[in-house]
Amino acid sequence: MNPPHNPGEPESPLVFRLQIALLSSFVLFASGVIIWVGRLLYVSWKLNDTFSASVFIALIAVPVFSLLIGVYNYVFWGIMRGGK
Amino acid sequence: MTEIQKNEHDAVLIRSIFQTPSWYWPAVAVLGSLVVLGFGAYLFQFFLGLGETGLNQPVTWGFYITNFVFFIGISHAGTLISAILRLSQTEWRRPITRIAEVITVAVLGIGGMNILLDLGRPDRMLNMIYYGRYQSPLLWDMTSITTYLTASSVYLFIPMIPDIAILRDLCPPGPRKVFYQVLALGWQGTPRQEKVLNRATAIMAIMVIPIAVSVHTVVAFVFSMTLQPMWHSSIFGPYFVAGALFSGVAMLLIVMAILRKVFHLEDYLQPIHFNYLGLLLLVFTLFWTYFTFAEYLTAFYGNEPDEMRVFWAKWDGPWAWGFWGMVICNFFIPVIILSINRFRTITGTVIASSTILIGMWLERFIIVVPTLANPRQHRLPTGSYWPTWVEFSLMTGSFALFALFYLVFSRFFPLVSIHEVREGREHSDDIALERIHRYRIGNGYIKE
């Protein structure tokens, strides 16, 4: 086990804010990709343009990015809370 | 004094972070100059147009697309070594997982960048975002590469958290300490944190393998979904994946040898690692040869006129230098070196890996160019292609950027996972024994 960093003392508010900003940026990016794929799906349905291909790719991309958001959040909050 | 400072061996892993080696800044200057040269060449191309390159009609893809396929292929190093070996609990993986994962993240970015270089109007890339249609394999590519880059970055970051915490504890107060504090997420190495880390790493390892396979399959689809001769092949997907793993392991071996020398990692990257990876490389050499044989024999036996024009152009035509160079570099030299125990040393594996990288680059080149030079549309004349200084500069810049990425990374993070190595040192005997007990016939019996 590593020697504890500042034993018993929480991280400074600046560090916590930056950590939240890091998490938010990732969630925003991954959500952006999901929204983008969803939009392409909607457009292909609306224009009747290769909807099946869009569904197939969306069925892979959306769960993968959702899982990435889940894993990142799990690591972030799991490690933050696991140290207390 | 912290545990790491007391441990002479592990101290070498963080030395380059706190003490700048004498060669560091000259190396950064040289590589930075090459990147600047590449950037200058790009500006030249951007303002004067693609006419300044060797690209023409009908050969509209050249060095840039070759480099794109080559770099994306190399990115499979991280997945294979890190994810597969981690899931199979291979003990010797510990010092090399991080090195492989960094290769993946670096080359994916550079590979993607080569697509932008190929566009005379890079702003038109936005059309893919605004008006993309999933009918196009190019959009499949964009989606899968974005997914792989994101997943690989997360997969690189998660196992790095304990090492970042070590750096946080060692760092004097200042902006750099804040940087490590932010990324360490309050890691203290408690059992609960270990559990979260191990679970997340396992999930990511399982996740990145199919994503990596899909990436190079989709890259192959960009070619095979067209009706062009010697592209329209059903085995192109697995052929590209086999080639990607092949070149990925070769690149990993070269990077390992360089890092071993310059960062004095002899205790961590031992001859046995090179021997095992050399054997793996030999297996991939044979796989690649099998796929190449199947691909070319099928085209030859079919004897379809358009296919045969491309076939002969590669066999004994204007592109024969590339084809036979590829065969020599990817088959004859590696098989001779890697199949003989005495030659499978660090030097031997590095020589074999170097020829494989050259051979795999040639393979990508003779897939891309000869087909475009001999298109199915007979109205188009037979084309030719030779790159100009712009393409050579951008290619050199791409490779320099890869090396520079590694150098910058080495200033902030350990290139060998301290946490994994330490875990191996403390627990690998118990883990290995427990695993043997699980499958040994007559469970529980230990031979004295």
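Residues numbered from 1 in each chain as written. Chains lettered and ligands numbered in written order. Predicted model: local features only at pLDDT ≥ 70, side-chain atom pairs only at ≥ 80, totals over all residues. Heavy atoms only, no water.

Caption draft 1: Local environment of the overall build of chain B. Scanning chain B from terminus to terminus reveals 18 helices and zero strands. The C-alpha radius of gyration computed for chain B amounts to 23 Å, which stays within 12% of the reference 22 Å derived for 448 residues, consistent with globular compactness. Along the longest, intermediate and shortest principal axes, the C-alpha atoms of chain B span 75 × 60 × 40 Å. Within chain B, the fraction of its 448 residues that count as buried is 57%. Counting contacts in chain B only where the partners sit at least 6 residues apart, residues at least 24 apart contribute 81% of the total. (Helix = DSSP H or I, 4+ residues; strand = E, 2+ residues; numbered from the N terminus. Rg over C-alpha atoms; globule rule 2.2 N^0.38 Å. Buried < 20%, exposed > 50% of the residue type's maximum accessible area, 1.4 Å probe, protein only. Contact = heavy atoms within 4.5 Å.)

Caption draft 2: Looking closely at the interface of chain A and chain B. Between chain A and chain B, the residue contacts involve 40 residues of the former and 51 residues of the latter. Each partner contributes to the roughly 3,800 Å² buried at the junction of chain A and chain B, and carbon and sulfur atoms together form 70% of this total. Taken together, the connections running from chain A to chain B amount to one salt bridge. Note that arginine 133 of chain B and aspartate 49 of chain A form a salt bridge whose closest N and O atoms lie 2.3 Å from each other. Run the count over chain A and chain B and you get seven residue pairs in polar contact (both at pLDDT 80 or more). (Buried area = accessible area lost by both parts, 1.4 Å probe. Salt bridge = Lys/Arg side-chain N within 4 Å of Asp/Glu carboxyl O. Polar contact = N/O pair within 3.5 Å; in protein donor to acceptor, adjacent residues only side chain to side chain.)

Caption draft 3: Examining the nonpolar core more closely. In this structure, Ile103 and Met204 of chain B are the most contacted members of the largest nonpolar core, which totals 160 residues. No other element matches helix 12 (residues 236-262) of chain B, which puts 17 residues into this core. The residues touching methionine 204 of chain B, leaving out its near neighbours within four places in the chain, are Leu68 and Val71 of chain A together with Ala151, Val154, Tyr155 and Ile158 of chain B. Core analysis: the second largest hydrophobic core is formed by six residues, Tyr24, Val28, Leu31 and Leu404 of chain B among them. (Core = buried A, V, L, I, M, F, W, Y, C linked by side-chain atoms within 4.5 Å.)

Caption draft 4: Examining the environment of threonine 50 of chain A more closely. Examined against the element boundaries, threonine 50 of chain A turns out to sit in the loop between helix 1 (13-46) and helix 2 (51-82). With 32 residues separating them along the chain, threonine 50 of chain A and leucine 18 of chain A place their C-alpha atoms 42 Å apart. Not counting the four nearest positions on each side in its chain, threonine 50 of chain A is found in contact with Ser44 of chain A together with Tyr134 and Gln135 of chain B.

Caption draft 5: The arrangement of a nonpolar patch on the surface in detail. Residue and element names in this part refer to chain B. A cluster of nonpolar side chains, contributed by Phe293, Leu297, Phe300, Trp312, Trp315, Trp324, Ile328, Phe332, Ile336, Ile340 and Phe343, occupies part of the molecular surface with about 1,000 Å² of accessible area. Put simply, the parts of the chain that give the nonpolar patch at least two residues each are helix 13 (271-302), helix 14 (305-315) and helix 15 (320-338). The element best represented in the nonpolar patch is helix 15, accounting for four residues. Here tryptophan 324 lies in helix 15. In this structure tryptophan 324 comes out as partly exposed when scored by relative accessible area, which is 34%. (Patch = residues over 30% accessible without salt bridge, like charges linked within 9 Å, V, L, I, M, F, W, Y side chains within 5 Å. Areas by Shrake-Rupley, 256 points an atom, 1.4 Å probe, with all protein chains shown as cover.)

Caption draft 6: Representation of helix 4 (residues 63-74) of chain B within the structure. Residue and element names in this part refer to chain B. With 12 residues, helix 4 extends 16 Å from end C-alpha to end C-alpha; this agrees with the ideal 16 Å at 1.5 Å per step. Counting buried positions along helix 4 gives 12 out of 12 residues, so the element sits mostly inside the fold. For helix 4, the set of buried residues is Phe63, Tyr64, Ile65, Thr66, Asn67, Phe68, Val69, Phe70, Phe71, Ile72, Gly73 and Ile74. (Expected span 1.5 Å × (residues − 1).)

Caption draft 7: Quick look at the pattern of salt bridges. Residues and elements named next belong to chain B. Considering all chains together, one arrives at 13 salt bridges over all chains under this definition. The salt bridge partner of arginine 168 is aspartate 169, with a shortest N-O separation of 3.0 Å. Among the residues examined, aspartate 169 registers a relative accessible area of 21% and is labelled partly exposed. One salt bridge connects aspartate 306 with arginine 376, and the closest N-O pair in it is separated by 3.4 Å. In this pair, aspartate 306 sits in helix 14 while arginine 376 sits in the loop between helix 16 (346-373) and helix 17 (389-412), placing the two residues 70 residues apart along the sequence.

Caption draft 8: Region of the structure containing the domain arrangement of chain B. Residue and element names in this part refer to chain B. Segmentation of chain B into domains returns domain 1 (1-225 + 387-448) and domain 2 (227-383). Placing the centre of domain 1 and that of domain 2 at their C-alpha centroids yields a distance of 22 Å. The interface is formed by 45 residues belonging to domain 1 together with 43 residues belonging to domain 2. Summed over both partners, the interface of domain 1 with domain 2 comes to about 3,900 Å²; 83% of that surface belongs to carbon and sulfur atoms. Contact with domain 2 buries surface across domain 1, with Pro58, Trp92 and Phe223 losing the most and accounting together for 16% of the total. Inspection of the domain 1/domain 2 interface yields zero salt bridges. For the interface between domain 1 and domain 2, the tally reads five residue pairs in polar contact (both at pLDDT 80 or more). For the side of domain 1 that touches domain 2, the secondary-structure elements that each account for two or more residues are helix 2 (8-18), helix 4, helix 5 (76-87), helix 6 (97-118), helix 11 (191-224), helix 17 and helix 18 (418-439). The greatest single-element share of the side of domain 1 that touches domain 2, amounting to eight residues, is contributed by helix 4. Residue composition of the side of domain 1 that touches domain 2, by class: 31 nonpolar, 12 polar and two charged. (Domains from an automatic or database assignment. Nonpolar A, V, L, I, M, F, W, Y, C, P; charged D, E, K, R; others polar.)

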